[in-house]
Amino acid sequence: MYGYVGKILRINLKERVANVEALDLEVAKKFIGGRGLGTKMLMEEVDPKIDALSPENKLIVVSGPLTGTPTPTGGRYMVVTKSPLTGTVASSNSGGYWGAELKFAGYDGIIIEEKADSPVYVNIEDDKVEIKDASNLWGKVVSETTDLLEKEYGGKVKVLTIGPAGEKLSRIAAIMNDKDRAAGRSGVGAVMGSKNLKAITVRGSNRKAKVKEPDKLKQVFSRSIKKIRDNGVTGQGLPTYGTAVLVNVINESGVHPTNNFQDGFFGNADDISGETLAEKYLVKKEACYRCPIVCGRYCKVDDIEGGGPEYETIWAYGSDCGVNDLGEIIKANYWCNELGLDTISAGATLAAAMELYQKGYIKDEEVDGPPLEFGNAHAVMEWTKKMGLREGLGDKFAEGSYRLAEMYGAPELSMSVKKQELPAYDPRGIQGQGLQYATSNRGGCHVRGYLISPEILGLPEKLDRFSLEGKPTWVKIFQDLTAVIDSLGLCLFTSFALGVEDYADLYNAVCGTDHTAQSILQAGDRIWNIEKLFNLESGLDSSDDTLPKRLLEEPIPEGPSKGWITKLDEMLPKYYEERGWDEKGVPTEEKLVELGLLMKTKA
């Protein structure tokens, strides 16, 4: 067996038992691994209609076949479950080193079932799997938990954990690994908390991956590395300034959401840019496992230091809240990491709260912290703490922006799709990205199909960002390719430089498969459709494939994208047709048969 190690670890927390099961290699290859394989497992084992925070939900942690192998960025893993935030399938991706370590310990993935009767953590050392008492860890922040477990098992152990936000079942809680890497979106940390599971430590001794064609892999690896290093984004922009290199780029296009998407241009963007971050706060650069890009930042302000912030975080706590104090944004990011919060949802929820206050929905007497005013830099760190700890008004914030705004009778002020907060690109000035947001299987998300690449950055070719022509086709291709990358165990940033053929060649060289560009994209299509089927069975329908009213009806008021709205109604029917779905956004029988998701019915 090559790439895959052939074992799945099943842990029943209620019974406190762990069993090893053989990986079904045929199924694994059909869905590749990672996101695809995890979703297939979820579909088979979890009723889509269950309460996401009930013991019936399962937490599935899955590596890809290229995770832990000598491939560029081969260190990613996915957390797949039903989301307590959206009610959709949740598949949250993380980097760092934990995912590769899981493979070194001899497992392709872990299925976590039921709920422990008291706080526990899981310790994995190759064949030894222990379910241990975590009462001394419960309530502790991420860095302290990690330090204690590293002290217990030695500094080389890799630690995955939740913070207090996950313990307190915040619907925007993340799962953290290596202290500052996050499986951030969709509230997966709350699912882990609902099971009374504090952490999973892993240490493996088998560090040499089995590769089917080593000589071919060397050739493909060399070619891929050259493309990555020669590319302007992966070879220059990201290594030099991290993801925050995008602040000025996006702002200059007039699609940098400001004051909860009331505007698309932030006049003080340079104050929070990647260039300013590098000049004033950067301590060092950090890379994930086998990553040649090295986009990670490690920053310090006053007595606070740690990993990040990323572009999305800087936007969420910066322009979306009208704040141009990068030092305070770094502090808010630090507390998101410590408490285990998704920085996009946390910052965007705070921005929604500021607009709710601005419009008189939240009253002065409710505000038990710094004033909820756009531009109040002091507010971002303090409200993040209250949100993560569910203190005072922060208890409502912990539910996410949609439920917060709904409590005040103004759900339209939540800039979310399927109840998940939108990220740092205003779709009114990027039409393909708007369609991608609306149709994303996990709610508001940019990394289910990064149309920013062609529409703003011009990769692999420059598209007119205001044009609707061809956008449904581009969205489908990007969504399918992203599903492939997530499932292989590689980083999405490689797609700035690599093409479909490169991913097929890497997979073939490691695992001995014979994929073409067309067949590997079909695997991505299969993964997208099984996610869609889960969502349909959970109760979602085509009415959920939409955007906040503001983005459909209120033009951007100023800047380079002034006057534009998202023309979703003109693109969505063509997108459904492109996918082989009916007019209601439901996969047809013909499509499911084509993808091997349904046996053809006899006439």
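Coordinates for the structure precede this section.
Remember, it's a predicted structure, so these values are computed and weren't measured experimentally.

### A word on the side chain of Thr-145
Considering the arrangement of structural elements, one finds Thr-145 in helix H4 (residues 142-153). Judged by its relative accessible area of 0%, Thr-145 falls in the buried class. At 2.9 Å, the side chain of Thr-145 forms a polar contact with the backbone oxygen of Val-141. Leaving out residues up to four positions away in the same chain, Thr-145 has contacts with Leu-137, Lys-140, Thr-161 and Lys-198.

### Digging into the pattern of salt bridges
Tallied over the full model, the rule gives 44 salt bridges. Across the pair Arg-579 and Asp-525 runs a salt bridge, and its minimum N-O distance is 3.1 Å. One end of the pair, Arg-579, is in helix H23 (residues 568-579); the other, Asp-525, is in helix H21 (residues 517-538), and 54 residues separate them in sequence. Judged by its relative accessible area of 0%, Arg-579 falls in the buried class. Salt bridges linked by common partners bring Lys-476, Asp-480, Asp-525, Arg-579, Lys-591 and Glu-594 together as one network.

### Some thoughts on the pairing of strand S5 (residues 89-94)
Both faces of the sheet carry side chains from a regular strand, because those side chains alternate between them. Where burial is concerned, most of S5 is hidden: six out of the six residues are buried. Two successive antiparallel strands, strand S4 (residues 77-82) and S5, enclose a turn made up of six residues, where Gly-87 displays a positive phi of approximately 80 degrees.

### Comments concerning the sheet that holds strand S8 (residues 128-133)
Ordered by their spatial adjacency, six strands build an open sheet running S8-S7-S12-S9-S10-S11, and the pairing between neighbours is mixed. At either end of the open sheet lies a strand with only one pairing partner, and these are S8 and strand S11 (181-183). Going across the sheet, the axis of each strand differs from the next one's by a mean of 20 degrees, ignoring polarity. The sheet contact formed by strand S7 (residues 120-125) and S8 spans six bridges and is antiparallel.

The rules behind the values
Residues numbered from 1 in each chain as written. Predicted model: local features only at pLDDT ≥ 70, side-chain atom pairs only at ≥ 80, totals over all residues. Heavy atoms only, no water. Helix = DSSP H or I, 4+ residues; strand = E, 2+ residues; numbered from the N terminus. Buried < 20%, exposed > 50% of the residue type's maximum accessible area, 1.4 Å probe, protein only. Polar contact = N/O pair within 3.5 Å; in protein donor to acceptor, adjacent residues only side chain to side chain. Contact = heavy atoms within 4.5 Å. Salt bridge = Lys/Arg side-chain N within 4 Å of Asp/Glu carboxyl O. Pairing = 2+ DSSP bridges. Axes fitted to C-alpha atoms, helices over the stretch in contact; angles between N-to-C directions.

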